[in-house]
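Structural characterization, general
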Amino acid sequence: MDGFLQLSLTPILIGILSAIACALPGNFLILRRQALIGDAISHVVLPGIVVAFLATGVIAALPMLVGAAGAALVAVILIETIKRVGRIEPGAAMGVVFTSMFAAGVLLLEQTDTSAVHLDVEHALMGNLESLIWFDATGWGSLVDPVALAGLPPELPRIAVVAAVIAVLAFVFWRPLKLSTFDEGFAATVGVPTRTIGLALVAASAVAAVAAFDAVGSIIVIAMFICPPAAARLMTNRLEAQVGWSVVFATLSAIVGYVLAGYGPLWFGAQNAVSAAGMIAAVSGVILAIACLAAPHRRRIGAAQGQG
Amino acid sequence: MAPPKLELAAEDGARAPSPEDIANASLALSEITVSYGEKPAVFSVDAALPRESMVAIIGPNGAGKSTLLKAALGIVPRLSGSVRIFGQELERARDRVAYVPQRASVDWDFPTRVIDVVLMGFYRELGLLRFLRKGHRERARACLERVGMADFAERQIGQLSGGQQQRVFLARALAQDAELYLLDEPFAGVDAATEKAIIDVLHTLKTARKTVVCVHHDLATVADYFDHVLLINVRKVAEGPTSTTFTAKNLQATYGGRLASTHIDQLKLSS
């Protein structure tokens, strides 16, 4: 059991919390037809994180967030510039900017000496969930032992705080968020600051993407934004229940994905474990596929409405 | 792209509303200009709409009717101009206004039920965290009753027909219990029964001394439904009581002479 505490408990918890932190804003991104913003954010944060590391020499939460926010700002300016100067449609401008910035981040990372910290191209792409282990755990008693708890990987409290803050924000601002997602014009007339709400949603997504970077890397994080909420949408016709289901699916993906990655190959006689992040994303995709085939509300019931 | 043509044409009868007009009006607009690109969508529109009346905003496609409504409510930014609602700034008058957007402006596949949409009308009462009480649900049901949709309260909104969607939007506006109702094309693409149901509700609002302003497309029903008209085509063409302002001359000016005279002959026009 010590082995589980040392090797598996923290990665699983970090996986679960990352998945939830991304899935919560993901529900609203999908309903606002902004799912690709999650993708764009996850790509754009990479150069920001690398530059923040180069500037400070450490991997810490605050510089990473600042770097990611700076990168997001640069991305927005670049997208606007390309749209205006090049007269290119917005989708293409976004695609060009976020893939180029991501590529720049990869090149920058490759040329940087990051051997002392968990930051290299492989981790950036696929996360380093398996390495987030808890050396100080000696038994279940460690869960209440302050000395042992102090040895927890710092990624765990970081993602726990982010997930908690996002959950509280979603709860407190539920009404304006739902209202402006459904009917932005009406929301504005009753005094909802729709622009601020929209920006805050994107900002929360960016924070979730940065915090989940350790767990699943910056490419696979998009699966956490999209798959659990998309599968949840097919389970229910009420937003409150949809968000509940998305949390269930996010948790399920993280647990099943981690266990399958660690032990699955052994069951088939293979020697090595596979990437936990990759398996978590794959499991969330499988859940979505099953939901598409079998969930109770899988038809787009709005499709056959009258003219309008 | 051609340069924007902004020169002012002299318009007979068009004058800026006086401070007294603005104070007495339900909705007073002064020199409202809105632009989405290089060309203005609405240019320097003045209006002082009377209280306790039924007002139609009329004009061809692309004339800026919906944009004018949105600018009046602060949904789209205006380049210039000011708005007064019952003589007040918009921010202070939000509780006195209810807005019904175009039905097609929202995604009806959104995961929510009919009753939840009506409950959105209580947002200003409830704020962020105040509990929804039984009284709110009863009032929401009463609003659905008034538009003939009480049986649909628990339905997913995606299951509704276009006319039913429009009635749900109207019920949400009723829940707001406002004094000024602004509706964007409430009769667009709805069946005859729904049109009748909606106009009946709007008439009861007028009877209850409320003001109703509709962006309206169907020239044939203007004289029957509305007692005041605002004719616009980017600029204001004319504004006044239907009985004196809804004339063939004003309509031809609004539609740029594109209305067939046979079509005009069938309208109940004032002379």
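Time to look at the overall build of chain A. The helix and strand inventory of chain A stands at 12 helices and 0 strands. What you see in chain A, going N to C, is helices and strands ordered as α-α-α-α-α-α-α-α-α-α-α-α. Rg of the C-alpha trace for chain A: 20 Å, near the compact-globule value of 19 Å for 308 residues, within the 12% margin. When its C-alpha atoms are laid out on the principal axes, chain A stretches across 65 × 45 × 40 Å. Classification of the 308 residues of chain A by burial places 48% in the buried group. Considering only contacts within chain A whose residues lie at least 6 apart along the sequence, 71% involve residues at least 24 apart. In the form shown here, chain A has an accessible surface area of approximately 14000 Å², with 71% of it arising from carbon and sulfur atoms.

In this section: the interface of chain A and chain B. Every contact between the two is made by 30 residues of chain A and, on the other side, 37 residues of chain B. Buried surface at the junction of chain A and chain B, both sides included, amounts to about 3100 Å², of which 59% is carbon and sulfur. Among the residues chain A hides against chain B, the three largest losses belong to Arg175(A), Phe182(A) and Phe186(A). Together they make up 25% of the total. Inspection of the chain A/chain B interface yields 3 salt bridges. Put simply, Asp107(B) and Arg33(A) hold a salt bridge, and the shortest N to O gap is 2.8 Å. Considered class by class, the residues forming the side of chain A that touches chain B number 13 nonpolar, 10 polar and 7 charged.

All names here are of chain B. Reading across the sheet, the 3 strands line up as 2-1-4 and stay open at both edges, with antiparallel pairing between neighbours. Looking along the sheet, the strands with just one partner apiece sit at the ends: strand 2 (40–49) and strand 4 (80–85). Shown here is a sheet whose adjacent strand axes are inclined to one another by a mean of 15°, direction ignored. Two elements, strand 1 (residues 27–35) and strand 2, share 6 bridges in a ladder whose sense is antiparallel. Within the sheet, the bridge partner assigned to Ser35 lies in strand 2 and is Pro40. Strand contacts of helix 2 (residues 65–72): strand 1, strand 2 and strand 4, with the helix running at about 115° to strand 1, the strand carrying the most contacts.

Across its 21 residues, helix 4 (residues 90–110) of chain A extends 30 Å between first and last C-alpha, which sits within 8% of the 30 Å expected from 1.5 Å per residue. Within helix 4 of chain A, the full set of buried residues consists of Ala93(A), Val97(A), Phe98(A), Met101(A), Phe102(A), Gly105(A), Val106(A) and Leu109(A).

Bringing the sheet that holds strand 3 (residues 54–58) of chain B into the picture now. Residue and element names in this part refer to chain B. With mixed pairing, the 6 strands of this open sheet are ordered in space as 5-6-7-3-8-9. Both outer strands of the open sheet, strand 5 (97–100) and strand 9 (235–241), are each paired with one neighbouring strand and no more. Here the strands of the sheet are splayed against their neighbours by 15° on average, with no regard to which way each runs. Strand direction decides the pairing type here: strand 3 and strand 7 (residues 211–215), joined by 4 bridges, are parallel. Along strand 7, the bridge assignment pairs Met54 with Val212.

If you trace the backbone, Pro228(A) turns up in helix 10 (residues 194–233). Residues within four places of Pro228(A) in sequence aside, it is in contact with Ala23(A), Ala223(A), Ser246(A), Phe249(A) and Ala250(A).

Here the focus is helix 12 (residues 276–294) of chain A. Residues and elements named next belong to chain A. For helix 12, spanning 19 residues, the distance from its first C-alpha to its last is 26 Å, which sits close to the expected 27 Å at 1.5 Å a residue. Inspection of helix 12 places Ala276, Ala277, Ile280, Ala281, Val283, Ser284, Ile287 and Ala291 among the buried residues, and these make up the whole buried set. Angular distribution of buried residues about the axis of helix 12 spans 160°; they occupy a single face of the element. Turned more than 90 degrees from where helix 12 packs its buried face, Ile290 and Leu293 sit exposed. Its side-chain oxygen 3.4 Å from the backbone nitrogen of Ala277, Ser275 forms the N-cap of helix 12.

What follows concerns the side chain of Ser53(B). Residues and elements named next belong to chain B. Within the fold, Ser53 resides in the loop between strand 2 and strand 3. Ser53 sits in the buried class, given a relative accessible area of 5%. One polar contact links the side chain of Ser53 to the main-chain carbonyl oxygen of Pro50, over a distance of 2.9 Å. The contacts of Ser53, once residues within four sequence positions are left out, are Lys206, Lys210, Thr211, Val212 and Asp227.

Right, let's talk about the confidence of the model for chain B for a bit. Model confidence for chain B is summarised by a mean pLDDT of 88, while 94% of its residues fall at 70 or above. The low-confidence segment residues 1–13 of chain B, where pLDDT is below 50, has 14 contacts with residues more than four positions distant or belonging to other chains.

Glancing now at the pattern of salt bridges. Residues and elements named next belong to chain B. One pass over the full model with this rule turns up 19 salt bridges over all chains. Ionic pairing is found between Glu52 and Arg209, a salt bridge with its closest N-O pair at 3.1 Å. Placement of Glu52 in the loop between strand 2 and strand 3 and of Arg209 in the loop between helix 8 (192–207) and strand 7 is noted, with a sequence separation of 157 residues between them. Judged by its relative accessible area of 59%, Arg209 falls in the exposed class. We note a salt bridge from Glu154 to Arg113, for which the minimum N-O separation is 2.8 Å. Here Arg113 lies in the loop between strand 5 and helix 4 (114–119) and Glu154 lies in the loop between helix 6 (134–146) and helix 7 (162–175), a separation of 41 residues in the sequence.

With that settled, the discussion passes to the nonpolar core. Ile58(B), Leu202(B) and Leu219(B) are the most contacted members of the largest nonpolar core, which totals 123 residues. The element best represented in this core is helix 10 of chain A, accounting for 18 residues. When neighbours within four sequence positions are excluded, Leu202(B) is seen to be in contact with Met54(B), Leu170(B), Leu183(B), Phe187(B), Val212(B) and Cys214(B). Of all hydrophobic cores here, the second largest spans 29 residues; its members include Val45(B), Val55(B), Ala71(B) and Leu90(B).

Under the criterion given, the structure shown has 8 aromatic pairs over all chains. For the ring pair Phe28(A) and Trp174(A), a centre distance of 5.8 Å and an interplane angle of 75° mean the geometry is edge-to-face. Placement of the pair is Phe28(A) in helix 1 (residues 2–31) and Trp174(A) in helix 8 (residues 174–182), with a sequence separation of 146 residues. Assessed through its relative accessible area of 2%, Phe28(A) is described here as buried. With 5.2 Å between their ring centres and 50° between their planes, Phe182(A) and Phe110(B) make a pair best called tilted. Remark: Phe110(B) occurs in the loop between strand 5 and helix 4 and Phe182(A) occurs in helix 8; the pair is interchain, linking two chains. Judged by its relative accessible area of 1%, Phe110(B) falls in the buried class. An aromatic cluster is present here, built from Phe182(A), Trp108(B), Phe110(B) and Phe169(B) joined pairwise through their rings. Sitting above the plane of the Phe186(A) ring, Arg172(B) keeps its charged end 3.5 Å from the centroid.

Definitions and limits used
Residues numbered from 1 in each chain as written. Chains lettered and ligands numbered in written order. Predicted model: local features only at pLDDT ≥ 70, side-chain atom pairs only at ≥ 80, totals over all residues. Heavy atoms only, no water. Helix = DSSP H or I, 4+ residues; strand = E, 2+ residues; numbered from the N terminus. Rg over C-alpha atoms; globule rule 2.2 N^0.38 Å. Buried < 20%, exposed > 50% of the residue type's maximum accessible area, 1.4 Å probe, protein only. Contact = heavy atoms within 4.5 Å. Areas by Shrake-Rupley, 256 points an atom, 1.4 Å probe, with all protein chains shown as cover. Buried area = accessible area lost by both parts, 1.4 Å probe. Salt bridge = Lys/Arg side-chain N within 4 Å of Asp/Glu carboxyl O. Nonpolar A, V, L, I, M, F, W, Y, C, P; charged D, E, K, R; others polar. Pairing = 2+ DSSP bridges. Axes fitted to C-alpha atoms, helices over the stretch in contact; angles between N-to-C directions. Expected span 1.5 Å × (residues − 1). Arc of directions from axis to C-beta. Polar contact = N/O pair within 3.5 Å; in protein donor to acceptor, adjacent residues only side chain to side chain. pLDDT = per-residue confidence, 0-100. Core = buried A, V, L, I, M, F, W, Y, C linked by side-chain atoms within 4.5 Å. Phe/Tyr/Trp six-rings, centres within 6.5 Å; stacked < 30°, edge-to-face > 60°. Lys NZ or Arg CZ within 6 Å of the ring centre and 35° of its normal.

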